[in-house]
Amino acid sequence: MNETLERWSTRRAFILAVTGAAVGLGNIWRFPYVTGENGGAAFLLLYIGFVLLLGLPVMMAEIMVGRAGRRSPAQSLGHLAVQAGASRHWRLLGLFGVFTVFCILSFYSVVSGWSIEFLVASINGDFVGAAPAEVGAGFDAFLADPARMTFNHTLFLVMTMLVVAAGVGKGLERLNNLLMPALYLLLLLLAGYAATTQGFGPALAWLFMPDVSAVTPLVVMHAMGHAFFTLAVGACALMAYGAYMPDQQSLPRAAGAVAVLDVSVALLAGIAIFSVVFAQGMDPGEGPGLMFVTLPVAFAQLPWGALWLSIFFLLLLLATWTSSINLAEPIVATLQGTGLSRGQAAAIVGVGVWLVGLLTVLSFSTLAEWRPLFGMNAFELVSTIPPEIFLPLGGLLIAIFAAWVMPESSARRALGVGPRGFALWRGLVRWVAIPLTLVVLVAGLV
Ligand code: PHE
């Protein structure tokens, strides 16, 4: 495994790789619409609280296990468990993670395909001077067209699986190097523009002045799930990257940097999007289409709007690409462990994800009213249950493993902290993160 330990050549490269996994649809597409559906500020504050109390310590746990094991997630878990005198069945947790990312990737690819459609449309200048109602109607027409959606879904998945088949490496590192700063700058620009519009004040009030009466156990569960989803924590995907983390690098500092970047990207996107919503008298609870109908309208008002909008969708597409590569990596690596070549494994995973993704595609037309479970259709199920139940459950088990099963000496070495730092982290995981996740999950489900 030694040659791969060099995979992230610098400390910055590791942080960028994890940021690349974390920043994606979760920040720019999911965060605004879920915040909109859950009443705004109260949800936002809960989500930030969960990032600090659960997301960060569990993210550290997850990367730490990867760095201690230096193997694929399932192998690392099994190996470390046996070393600690525990059951080797802990490796099943790695397989549960694989199942989780598989489900997530199936809708992630479809929604990323929407960005392809919008990228092409904005290059064509389709949104120049468009009013919200027109953009909305265009989006609805697109959703109702399974053939176009399938085409984009296919294209995106091929893009992803080609990189994964070639092996995540230098290419991804270089892409992340450029992409993250560019995306950040563009969002800053957009939020800066939003500050000059009349929707800015109401947007800030909606995002930061909580209405406590809006908080129900379900809202709390949504906020917790979103914290796991956006940080990419709970599916052992970061564990896979942790296996390549340089020995000398500070893990707490890297995780902290990723969390700050991740949350701030979401906040910038939220400010930009809700300023448009309030300036145009739109509905914050619009749902999954929120970003796609607000941002074209916002950019249409700017000089060179079509150009900016094209750049935005290009950056978004690249950001979702780096996330989906992280989602696919553990599935392919696991399958490869059964003796297949990397290319074969990538092809099989690609076909499987593509097929399941068709359920999401059809959820906006033919199968819209097919509601097999909890009154939700296929897209609603696959975009809710894995992020909001599987990820917290996976995170909970990872936390138990890291803070209760692993012996202190190896956990502390892999975490790379002193005795006091370790006590703080373990205390937080044992007495805050684990009980809190359990309580929220149980309360939300009941
Ligand atoms: N964090 C990614 C996003 O916000 C999604 C993701 C979840 C990636 C879980 C990897 C693992 O878009």
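Rules behind the numbers
- Residues numbered from 1 in each chain as written.
- Predicted model: local features only at pLDDT ≥ 70, side-chain atom pairs only at ≥ 80, totals over all residues.
- Heavy atoms only, no water.
- Salt bridge = Lys/Arg side-chain N within 4 Å of Asp/Glu carboxyl O.
- Helix = DSSP H or I, 4+ residues; strand = E, 2+ residues; numbered from the N terminus.
- Buried < 20%, exposed > 50% of the residue type's maximum accessible area, 1.4 Å probe, protein only.
- Contact = heavy atoms within 4.5 Å.
- Polar contact = N/O pair within 3.5 Å; in protein donor to acceptor, adjacent residues only side chain to side chain.
- 1 Å grid on protein atoms, 1.4 Å probe; cavity = no way out; pocket = protein on both sides within 12 Å on 5 of 7 lines; lining within 4 Å.
- Points joined across faces, edges and corners; volume = space filled by probe spheres on them.
- Nonpolar A, V, L, I, M, F, W, Y, C, P; charged D, E, K, R; others polar.

Chemist: If you had to explain the pattern of salt bridges to someone new, which residues and values would you point to?
Modeler: For the structure on display, the rule yields 8 salt bridges. Between R148 and E117 there is a salt bridge whose closest N-O contact spans 2.7 Å. A residue pair is termed long-range when its members are at least 10 positions apart, and R148 in helix α8 (residues 146–166) and E117 in helix α6 (residues 91–123) qualify at 31 residues. For R148, a relative accessible area of 36% gives the class partly exposed. Taking relative accessible area as the criterion, E117 reaches 18% and is therefore assigned buried. Across the pair E369 and R371 runs a salt bridge whose closest N-O atoms are separated by 3.2 Å. The exposure class of E369 is exposed, given its relative accessible area of 62%. A residue is classified by how much of its surface remains accessible, and R371, at 35% relative accessible area, is partly exposed. A cluster of three or more residues bridged by salt bridges with shared partners is formed by E117, D145 and R148.

Chemist: Break down the environment of E117 for me, citing the residues and quoting the values.
Modeler: With 31 residues separating them in the primary sequence, E117 and R148 have C-alpha atoms 8.5 Å apart. Discounting residues that sit within four places of it in the chain, E117 has contacts with F142, R148 and N152. A distance of 2.7 Å separates the side chain of E117 from the side chain of R148, its partner in a polar contact.

Chemist: So what's going on with empty space enclosed by the protein? Residues and values would help.
Modeler: Counted according to the given criterion, the structure contains 3 cavities of 30 Å³ or more. Together, 17 residues line the largest cavity, and A21, I104, F229, A232 and L327 are the ones closest to its centre. Secondary-structure elements contributing two or more residues to the lining of the largest cavity are α2 (11–22), α6, α11 (217–231) and α15 (305–336). Residues belonging to the lining of the largest cavity are distributed by class as follows: 12 nonpolar, 5 polar and no charged. Breaking the lining of the second largest cavity down by element, the ones donating at least two residues are α14 (290–300) and α15. Split by residue class, the lining of the second largest cavity holds 7 nonpolar, 3 polar and no charged.

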